[in-house]
Amino acid sequence: MTLSPARVPATGVRRLTTTLYGYAFLDDFVLLYPVYALLFADTGMSLWQISSLFALWSITSVVLEVPSGAWADAMSRRRLLWIGPLLTAAGFALWVIVPSYWAFAVGFVLWGAGGALGSGALEALVYDELDRLGAAGRYARVMGRARAARLVGTVASLGLAGPVFAQGGYAAVGAASFLACVLTAVTATRFPEHRVRPDGAGDNWATTLRTGLAEVRGDRSVRGALLLIPAVAAVWGALDEYTPLLVRDIGVAEATVPYLIMLIWAGVTVGSLLTGPAERLGPAGLAALLAGAAVALAVGAAARSLAGIALVSLAFAGFQLAEVLADARLQHRIDESRRATLTSVASLGTELATVATFGVYPLLGTDMAHGTVFAVLAIPYLVTALALARSRAATARP
């Protein structure tokens with residue numbers, strides 16, 4: 001049977017999105033997530049040693065973020081997407097086979113490297129394949145659904161980790177996490193890739209990096225779109241780590257805290273799914289979205305009540321939606337040959353701004369309640385919203 005021309009793009013989009021959603025779900029379906037800190041402690045690691053492992057993980061991601069994006073523009077992006085999960089799988093295997101400080105350290109380096117290989121490469125591959133099919137306008141909607149799939153994978157892993165751990169301990173959750181990584185790699189081999197130079201012919205990664213950074217310096221619209229991503233993603237991404245403390249401060253029982261955290265993440269999932277209707281928002285609409293989410297965050301966190309937590313969930317939904325839209329703005333403005341590089345530069349900015357937020361939070365939290373700190377950290381979003389509104393006004397002037 002011969003497919004009509006109208007059906008060929010639809011078939012291609014369906015193959016791409018089905019693979020993407022499966023990849024996103026499996027990539028975050030890691031049963032070790034809720035228990036790996038316990039594994040470290042039960043192996044005899046001190047708090048200092050555990051903190052140093054987390055720091056090593058972050059440092060690995062920061063160091064490799066931009067070079068990995070340049071690699072993804074100089075070679076096959078699909079190849080990086082299946083190599084990354086295999087590196088993570090090797091790290092998880094080390095953790096449960098030879099649990100020790102050095103095994104945990106090597107595992108975090110492998111996990112950080114695996115994550116860096118996929119960062120930038122995934123967004124670039126998806127955008128270029130959609131563009132080839134004449135469906136680049138669907139990018140925000142597709143990536144929003146992919147993020148929702150990741151959240152479902154995380155929630156599913158949290159729900160299954162307890163029963164699996166009860167039956168087989170760390171070995172069982174480690175084996176399940178290893179298997180999930182292998183399945184992620186297998187799924188990645190199903191991604192379509194039709195780039196002209198997928199195997200590194202032409203510019204090497206260093207040249208790609210230099211030309212990408214030159215584009216940022218020379219094009220104001222690209223620079224603004226790139227800076228918008230960390231401005232939107234960093235603060236709420238860091239605040240997420242403190243939401244259990246915020247929830248506990250409203251006076252609920254300890255056993256109730258996980259359910260309210262799930263409420264917050266339900267809001268994030270909804271925000272991911274709303275990218276389709278919201279993808280036509282211009283700078284003014286995005287500014288209004290950020291300002292509204294900032295107000296909801298400040299009022300909700302300061303309220304110290306169940307209704308306030310619902311407002312925090314609404315705020316996180318807005319930030320998640322804005323983050324996907326900001327990513328789409330960047331993808332629409334950058335050249336295919338440097339797409340992964342510049343996406344990784346934006347991710348690096350997010351990582352660094354997130355680390356800065358982690359430094360600011362305890363400084364504020366020394367003399368303030370968690371709700372007050374959350375409210376104060378909503379201010380950067382109001383500043384970003386104002387900057388967007390001003391840029392829109394400047395563009396509109398004759």
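Everything below is about the structure printed above this text.
For the structure given in this document, a descriptive report is provided here. Bear in mind that the values here come from a model prediction, so they are computed numbers and not experimental data.

Calculation notes
- Residues numbered from 1 in each chain as written.
- Predicted model: local features only at pLDDT ≥ 70, side-chain atom pairs only at ≥ 80, totals over all residues.
- Heavy atoms only, no water.
- Phe/Tyr/Trp six-rings, centres within 6.5 Å; stacked < 30°, edge-to-face > 60°.
- Helix = DSSP H or I, 4+ residues; strand = E, 2+ residues; numbered from the N terminus.
- Buried < 20%, exposed > 50% of the residue type's maximum accessible area, 1.4 Å probe, protein only.
- Patch = residues over 30% accessible without salt bridge, like charges linked within 9 Å, V, L, I, M, F, W, Y side chains within 5 Å.
- Areas by Shrake-Rupley, 256 points an atom, 1.4 Å probe, with all protein chains shown as cover.
- Salt bridge = Lys/Arg side-chain N within 4 Å of Asp/Glu carboxyl O.
- Axes fitted to C-alpha atoms, helices over the stretch in contact; angles between N-to-C directions.
- Parallel < 35°, antiparallel > 145°, perpendicular 65-115°, else oblique.
- Left-handed = near helix turned anticlockwise from the far one by under 90°.
- Contact = heavy atoms within 4.5 Å.
- Nonpolar A, V, L, I, M, F, W, Y, C, P; charged D, E, K, R; others polar.

In this section: the packing of aromatic side chains. All chains considered together, the criterion is met by 28 aromatic pairs. Note on F40 and W95: the rings are 5.3 Å apart at their centroids and 85° apart in plane angle, and the pair reads as edge-to-face. Of this pair, F40 sits in helix α2 (residues 36-42) while W95 sits in helix α4 (residues 77-97), and the two are 55 residues apart along the sequence. Comparing F40 with W95, the two get one shared label, buried. Members of the aromatic cluster, each reached through a chain of ring pairs, are Y33, Y36, F40, W57, F92, W95, F104, F108 and W111.

This part covers a nonpolar patch on the surface. Taken together, the side chains of V295, V299, L311, L314 and L382 present a nonpolar region at the surface, about 410 Å² in accessible area. Listing elements by their share of the nonpolar patch, those giving two or more residues are α13 (283-303) and α14 (306-333). The residue L314 is located in helix α14 in this model.

Looking now at the packing of helix α6 (residues 121-132) against helix α15 (residues 339-365). Running from amino to carboxyl end, α6 crosses α15 at an angle of 135°, the nearest separation of the two axes being 8 Å. Viewed along their axes, α6 and α15 adopt a mutual orientation that is oblique. In this structure, the crossing between α6 and α15 has a hand that is right-handed. Across the interface between the two elements, A121, E123, A124, Y127 and D128 of α6 pack against R339, A340 and T343 of α15. When its residues are assigned to classes, the contact of α6 with α15 shows four nonpolar, one polar and three charged.

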